Amino acid sequence: MIRSRLTSKSQTTIPQAVRTTLGLQPGDEIGYVVENGQVILTRVSATAEQDDPFATFSEWNSVADQHAYAGL
C-alpha cells in the first residue's frame, strides 16, 4: 500500500509511484470516484470540448452559425 499524509489544510502530495503510473504532470487534472467507502483516483484527459472556451455557448453552435462562419 502506498500512503501519503493529509495536511492541516486538507492537502496531500500524490506519491511519485502513483504520479508515474498515471502519467501525471504538473497542471494535469485528476478525478475522484467514490464507491463503497473507497476512492478511485484517475487522470482526466482534456477533451476538445474542454479545450474550447466557447463550447459552453451552445446558442452560437447551430448549423446556420457553422455555415455562416466557416470561412473565417
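Residues numbered from 1 in each chain as written. Predicted model: local features only at pLDDT ≥ 70, side-chain atom pairs only at ≥ 80, totals over all residues. Heavy atoms only, no water.

Participant: Is there a simple way to explain the pattern of salt bridges in this structure?
Facilitator: Working definition: two side chains of opposite charge can pair if their charged atoms are close together. Tallied over the entire structure, the rule returns one salt bridge. In this structure, the salt-bridge partner of D28 is R43, at a minimum N-O distance of 3.3 Å. Placement of the pair is D28 in the loop between α1 (16–22) and β1 (29–35) and R43 in strand β2 (residues 38–44), with a sequence separation of 15 residues. With relative accessibility at 38%, the residue R43 sits in the partly exposed group. (Salt bridge = Lys/Arg side-chain N within 4 Å of Asp/Glu carboxyl O. Helix = DSSP H or I, 4+ residues; strand = E, 2+ residues; numbered from the N terminus. Buried < 20%, exposed > 50% of the residue type's maximum accessible area, 1.4 Å probe, protein only.)

Participant: Just to check I follow, could you spell out the environment of P15 for this structure?
Facilitator: On the secondary structure map, P15 appears in the segment before α1. In this structure, the C-alpha to C-alpha distance between P15 and S4, residues eleven residues apart in sequence, is 6.7 Å. Not counting the four nearest positions on each side in its chain, P15 is found in contact with I2, R3 and S4. (Contact = heavy atoms within 4.5 Å.)

Participant: Is there a simple way to think about the environment of I14 in this case?
Facilitator: By the element assignment, I14 lies in the segment before α1. Each C-alpha atom, one on I14 and one on R3, is 8.9 Å from the other, the two residues being eleven residues apart in sequence. Other than its neighbours up to four places away in sequence, I14 contacts R19, L24, I30 and L41.

Participant: How should a nonpolar patch on the surface be read in this particular structure?
Facilitator: A grouping of Y32, V34 and V39 is seen on the molecular surface, where their side chains present a nonpolar patch of about 350 Å² in accessible area. The class for Y32 is exposed, based on a relative accessible area of 55%. (Patch = residues over 30% accessible without salt bridge, like charges linked within 9 Å, V, L, I, M, F, W, Y side chains within 5 Å. Areas by Shrake-Rupley, 256 points an atom, 1.4 Å probe, with all protein chains shown as cover.)

Participant: Which parts of the structure should I look at to understand the layout of surface pockets?
Facilitator: With a probe scaled to a water molecule rolled over the atoms, the places where space remains empty come into view. Within this model, the largest pocket holds a volume of roughly 150 Å³. Around the largest pocket sit I2, R3, S4, T12, T13, I14, P15, V18 and L41, which together line it. Partitioning the lining of the largest pocket into residue classes produces five nonpolar, three polar and one charged. (1 Å grid on protein atoms, 1.4 Å probe; cavity = no way out; pocket = protein on both sides within 12 Å on 5 of 7 lines; lining within 4 Å. Points joined across faces, edges and corners; volume = space filled by probe spheres on them. Nonpolar A, V, L, I, M, F, W, Y, C, P; charged D, E, K, R; others polar.)

Participant: So what exactly am I meant to see when it comes to the pairing of β2 here?
Facilitator: Both faces of the sheet carry side chains from a regular strand, because those side chains alternate between them. Direction of pairing for β1 relative to β2: antiparallel, over a ladder of seven bridges. Bridged to G31 within β2 is T42. Connecting β1 to the antiparallel partner β2 that follows it, the hairpin turn spans two residues, and N36 within it adopts a positive phi of roughly 50 degrees. (Pairing = 2+ DSSP bridges.)

Participant: Help me out: how do you make sense of unusual backbone geometry in this one?
Facilitator: Even without being a glycine, S10 presents a positive backbone phi close to 60 degrees. Position of S10 relative to the elements: it lies in the segment before α1. Even without a glycine there, the phi angle at N36 is positive, about 50 degrees. For N36, the position within the fold is in the loop between β1 and β2.

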